[in-house]
Amino acid sequence: MSTTSDTTASGWDRAGFRCGRCGAEHTATTENEYLKAVGVHGDAHAVWDGLNAIERDGLTSILRTILSAPGLALELLVLADRQHLAGGDRQ
């Protein structure tokens, strides 16, 4: 990943990075935001690299469904926790 930054006399202004593997670009206005973006992007590569083609397709489909419906991910986690506490996959 390459990094570019713009600073002013008062300190940090913004910083950007471009992933050398996939070309994604992110810009952050705080150091914490920058570090989080770089870390999350690296984690995404690690997860993606650990999946086979079928798992990648399945994960992509699931993420598109969950991210398109606000609250769905939270409700799915609630259901999963209830199932776990109840002792299994109960319908």
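Residues numbered from 1 in each chain as written. Predicted model: local features only at pLDDT ≥ 70, side-chain atom pairs only at ≥ 80, totals over all residues. Heavy atoms only, no water.

### Remarks on the overall build of the protein
To be explicit about the condition: Helical segments are the DSSP runs of H or I of at least four residues, strand segments are the runs of E of at least two, and each set is numbered from the N terminus. Throughout, a contact is declared for two residues whenever any of their heavy atoms are within 4.5 Å. Per-residue accessibility takes into account occlusion by the displayed protein chains alone, with areas from the Shrake-Rupley method and a 1.4 Å probe.
Across its full length, the protein holds three helices and three strands. Each helix (α) and strand (β) of the protein, taken in turn from the N terminus, gives the series β-β-β-α-α-α. A separation of at least 24 residues holds for 11% of the contacts in the protein among residues at least 6 apart in sequence. Roughly 7,300 Å² of accessible area belongs to the protein as shown, and the carbon and sulfur atoms make up 56% of that amount.

### Observations concerning the pattern of salt bridges
Under the convention used in this document: One side-chain nitrogen of Lys or Arg within 4 Å of one carboxyl oxygen of Asp or Glu is enough to make a salt bridge. Exposure classes here rest on a 1.4 Å probe applied to the protein chains alone. A residue is buried below 20% of its type maximum, exposed above 50%, and partly exposed in between.
In this structure the tally under the stated criterion is two salt bridges. Note that aspartate 49 and arginine 21 form a salt bridge whose closest N and O atoms lie 2.8 Å from each other. One end of the pair, aspartate 49, is in helix H1 (residues 31-49); the other, arginine 21, is in the loop between strand E2 (11-18) and strand E3 (25-28), with 28 residues separating them in the sequence. Assessed through its relative accessible area of 41%, aspartate 49 is described here as partly exposed. When its relative accessible area of 56% is taken as the criterion, arginine 21 is described as exposed.

### Comments concerning the side chain of histidine 45
Secondary-structure assignment places histidine 45 in helix H1. If near-sequence neighbours (up to four positions away) are discounted, histidine 45 is found in contact with Cys19, Arg21 and Cys22.

### Examining the packing of aromatic side chains
Using the following cut-off: A pair of aromatic rings is counted whenever rings of Phe, Tyr or Trp (Trp by its six-membered ring) have centres within 6.5 Å, and the orientation is called stacked for planes under 30 degrees apart, edge-to-face for over 60 and tilted otherwise.
Scanning the entire structure with this criterion turns up one aromatic pair. Both rings, one in phenylalanine 17 and one in tyrosine 34, keep their centres 6.0 Å apart while their planes meet at 90 degrees; by these two values the pair is edge-to-face. Here the residue phenylalanine 17 occupies a position in strand E2, and tyrosine 34 occupies one in helix H1, the gap between them amounting to 17 residues. Judged on exposure class, the residue phenylalanine 17 and its partner tyrosine 34 are both buried.

### Digging into the confidence of the model for the protein
Low-confidence regions, as indicated by low pLDDT, have predicted coordinates that should not be scrutinised in detail. Formally: For every residue, the predictor states its confidence as a pLDDT score lying anywhere from 0 to 100.
The predicted model of the protein averages 86 in pLDDT, with 82% of residues at 70 or higher. Here residues 5-10 scores under 50 on pLDDT; set against residues more than four positions off or in separate chains, the count is six contacts.

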